[in-house]
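Survey of secondary and tertiary structure
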Amino acid sequence: MAYTQVSAEDAAELLDAAGMAGPVGISPLAGGWANSNFLLQLADGSRVVLKVWNERTPEEVEELIAHTCWIAEHGFPTPVPLQLSGGERMLVKDGLAWMLLPFVDASWLASDPDSLHALGEVQARLHAVPACDGLSTSFSMGFELWETLSERAEAEGAWSPFLRMLEQEAVRLKADIPDDLPSGIIHGDLFPDNVLGTTGNVLVVLDFEEVCVGALALDLMMAFVGFGWQDGEPVTERWQALLSGYESVRPLTDIERAALADLHRYATLSISAWRYWQFVMNRPESEHADRYLEMTARLDKPLPF
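Before going into details, it helps to say that this report is about the structure given with it. Because the structure is predicted, anything quoted here is derived from the model rather than measured.

As a further point, take the sheet that holds strand S5 (residues 96-102). Spatially, S1-S2-S3-S5-S4 is the arrangement adopted by the five strands of the open sheet, whose pairing is antiparallel. Unpaired on one side and paired on the other, strand S1 (23-28) and strand S4 (91-93) mark the two borders of the sheet. Each neighbouring strand pair of the sheet contributes to a mean axis angle of 30 degrees, computed without reference to strand direction. As defined by bridge partners, S4 adjoins S5 across three bridges and the pair is classed as antiparallel. Its bridge partner being in S5, Leu-91 is matched across the sheet by Trp-98. Strand contacts of helix H1 (residues 8-17): S1, strand S2 (35-42), strand S3 (47-53), S4 and S5, with the helix running at about 110 degrees to S1, the strand carrying the most contacts. Contacts from helix H2 (residues 58-73) reach S3, S4 and S5 within the one sheet, and its direction differs from that of S5 by about 30 degrees.

What follows is the structure, given as structure tokens:
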């Protein structure tokens, strides 16, 4: 997606600040619903990614950069923004944060068993990274967003059956999900368009926009929501591969296993709520206005755990 248009002059300004060659080509990149991403072809034959943050303030992006650098410094495979003049890793233009990122020439990770085993292993490595200062303890697509949806619906008279259902689900899930689940750094949105790799190998994990300190098993369930379904049905083989890779590094506790079904429901509804917020409330003209229904259709399917 691209909400901000980027000219050759815009790109050249950022590249010059990074001490890099000028641009000879600019093309939008697929993926990303809350920012604008472009592939820059440079005069020296190299390539980098230019990202404009459309829905985060520069202050929020600065915090996110610090968190991403912390995670990368602990050996986790995620790209960090390139340094610009003065040591900064972003530039503010028209009130938005702009940055350059290394380009990784790879496809989104597939959902074959070997790749999902690798994904589970990498995710467990993330969960071993110690939490850094300043990380939120609120999952931004979760209950906090659900409450925002309700408040806006009340203010605008925009209640719908989905929002009423979300209110009821929040009450039940808050009561049923234990408060003492093992927690730590979670990605929060481990979907295929956030993971690049080859068969059986994760190269990089992208876009830590939802990063926070939260229940580790919720993050595992989010990965299954993203990778584990096909044609509206959960695929047992995919779950087994993901879990096997994860537990090769970090076995689940009994309390986590008992909570998996509720955590999966929470993760599924969180994605649905985010899509409703983006494509029904904020962009009602979008062609994606019904995308939230993909998730609600999953709620009553039998799960492999």
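By convention here, two paired aromatic rings are described through the distance between centres and the angle between planes. Enumeration over the complete set of coordinates arrives at 13 aromatic pairs. A centroid spacing of 4.3 Å and a plane angle of 15 degrees characterise the contact between Phe-143 and Tyr-266, whose relative ring orientation is stacked. One end of the pair, Phe-143, is in helix H4 (residues 143-156); the other, Tyr-266, is in helix H8 (residues 254-282), and 123 residues separate them in sequence. An identical accessibility class is assigned to Phe-143 and Tyr-266; each is buried. Sitting over the face of the ring of Trp-53, Lys-51 holds its NZ or CZ atom 5.1 Å from the ring centroid. One cation-aromatic arrangement involves Lys-174 over Phe-143; the distance from NZ or CZ to the ring centre is 5.1 Å.

The rules behind each value
Residues numbered from 1 in each chain as written. Predicted model: local features only at pLDDT ≥ 70, side-chain atom pairs only at ≥ 80, totals over all residues. Heavy atoms only, no water. Pairing = 2+ DSSP bridges. Helix = DSSP H or I, 4+ residues; strand = E, 2+ residues; numbered from the N terminus. Axes fitted to C-alpha atoms, helices over the stretch in contact; angles between N-to-C directions. Contact = heavy atoms within 4.5 Å. Phe/Tyr/Trp six-rings, centres within 6.5 Å; stacked < 30°, edge-to-face > 60°. Buried < 20%, exposed > 50% of the residue type's maximum accessible area, 1.4 Å probe, protein only. Lys NZ or Arg CZ within 6 Å of the ring centre and 35° of its normal.

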